[in-house]
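Residue strings, one per chain:
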Amino acid sequence: MRKPLIAGNWKMHGDSPFVARYAAALADAGPSAGVEVLLLPPAPYVAPLAQALEAAGAGLQVALGVQNVHGEASGAFTGELSAEMARDLGAAWTLVGHSERRALFGETDEVVAGKLAAAARAGLAPMLCVGETLAEREAGSAEAVVRRQLRVVAGEAGPAVLASATVAYEPVWAIGTGRTATPGQAQAMHEVVRSEIETLCGADAAGRLRVLYGGSVKPDNAAALLAQPDIDGALVGGASLDADSFAAIVAAAGGAA
Ligand code: 13P
């Protein structure tokens, strides 16, 4: 069975007082049995958040990661962070290929594949983000886009690296818009992801690999999404910035498990 994973992507939000308040509030909400919890703050806050969670007594309940890494281990890449450095700073996970990175920072499928391989080399667990834009969905190519995003990663980084990842399906039109995919729409795309993973990596890998849904997940829609058979968790943006909302989504995953 695939253990549900609820991940909070803070994006470029937060400061030191926020980190302290958040850790205390999350610890107060308590653990949720049978659910893995992951927080992805801006990279400089990984270590302070780890310390604050530890001090609040929630250190063991929450894994931490970063939102992006570079494809090289080191070099003349001003302003960048390597997977090795993220690991050294206490991150266990990294997002790879978030749609904001693809759209705003020009990350191609090939760049994303290089980052996924770098994360795996450094011992960081990669969460590969895939998903179509509104124009792609309206053109009827949502499925083809997501299959291509997975296929290029398998081709460039190798099927074993892809099989070791977690995938987050995040339709771009549902991110930060309040317009969530319906449970049926999300389930259909998660089936597409799993069938492509089966083609690329085999049936065992497809059965094991967790596929998270992301895009306007909130406490009031989480349970219906998480009840779908191929939705193994959530990648939460805006609602993860409120510790109580995030904890409510974690509790919904516990209920659906
Ligand atoms: P929202 O939950 O704010 O729509 O963001 C989703 C997302 O991009 C998480 O990575």
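### What about helix H5 (residues 109-122)?
- Along its 14 residues, H5 runs 20 Å from first to last C-alpha, staying within 8% of the 20 Å computed at 1.5 Å per residue.
- Those residues of H5 lying buried are Asp109, Val112, Ala113, Lys115, Leu116, Ala117, Ala118, Ala119 and Ala122.
- Along its buried surface, H5 packs onto helix H3 (83-88), strand S4 (93-96), helix H4 (99-104), strand S5 (125-130), helix H7 (142-157) and helix H8 (159-163).

### Things to note about the environment of His190
- Mapping His190 onto the fold places it in helix H9 (residues 183-201).
- His190 sits 41 residues away from Ile231 along the chain, and the two C-alpha atoms are 6.7 Å apart.
- Setting aside chain neighbours within four positions, we find His190 in contact with Tyr169, Val211, Leu212, Tyr213, Asp230 and Ile231.

### Brief notes about the site of the ligand
- The local shell around the ligand consists of Asn9, Lys11, His98, Glu170, Ala174, Ile175, Gly176, Gly215, Ser216, Leu235, Gly237 and Gly238.
- Between the ligand and Glu170 there is a distance of 3.0 Å, counted from an oxygen atom to a side-chain nitrogen or oxygen.
- Within the contact set of the ligand, an oxygen atom lies 2.8 Å away from a backbone nitrogen or oxygen of Gly238.
- Summarising the interface, the protein chains cover 97% of the accessible area of the ligand, which totals 310 Å² for the free molecule.
- Split by residue class, the shell around the ligand holds 3 nonpolar, 7 polar and 2 charged.

### Re the packing of aromatic side chains
- Scanning all chains against the criterion turns up 4 aromatic pairs.
- Where Trp10 meets Tyr22, the ring centres are 4.8 Å apart and the plane angle is 65°; that geometry is what we call edge-to-face. Of this pair, Trp10 sits in the loop between strand S1 (5-9) and helix H1 (16-29) while Tyr22 sits in helix H1, placing them 12 residues apart in sequence.
- With a relative accessible area of 2%, Tyr22 lands in the buried category.

### Remarks on the side chain of Thr94
- Turning to its location among the elements, Thr94 is positioned in strand S4.
- Under the relative-accessibility criterion, Thr94 is labelled buried at 0%.
- Those residues in contact with Thr94, other than ones at most four positions away along the chain, are Val66, Gln67, Asn68, Val69, Ala119, Leu124, Ala125, Pro126 and Met127.

Scoring rules and cut-offs
- Residues numbered from 1 in each chain as written.
- Predicted model: local features only at pLDDT ≥ 70, side-chain atom pairs only at ≥ 80, totals over all residues.
- Heavy atoms only, no water.
- Helix = DSSP H or I, 4+ residues; strand = E, 2+ residues; numbered from the N terminus.
- Expected span 1.5 Å × (residues − 1).
- Buried < 20%, exposed > 50% of the residue type's maximum accessible area, 1.4 Å probe, protein only.
- Contact = heavy atoms within 4.5 Å.
- Near = heavy atom within 4 Å.
- Polar contact = N/O pair within 3.5 Å; in protein donor to acceptor, adjacent residues only side chain to side chain.
- Areas by Shrake-Rupley, 256 points an atom, 1.4 Å probe, with all protein chains shown as cover.
- Nonpolar A, V, L, I, M, F, W, Y, C, P; charged D, E, K, R; others polar.
- Phe/Tyr/Trp six-rings, centres within 6.5 Å; stacked < 30°, edge-to-face > 60°.

As far as function goes, none of this settles anything; it's purely spatial.
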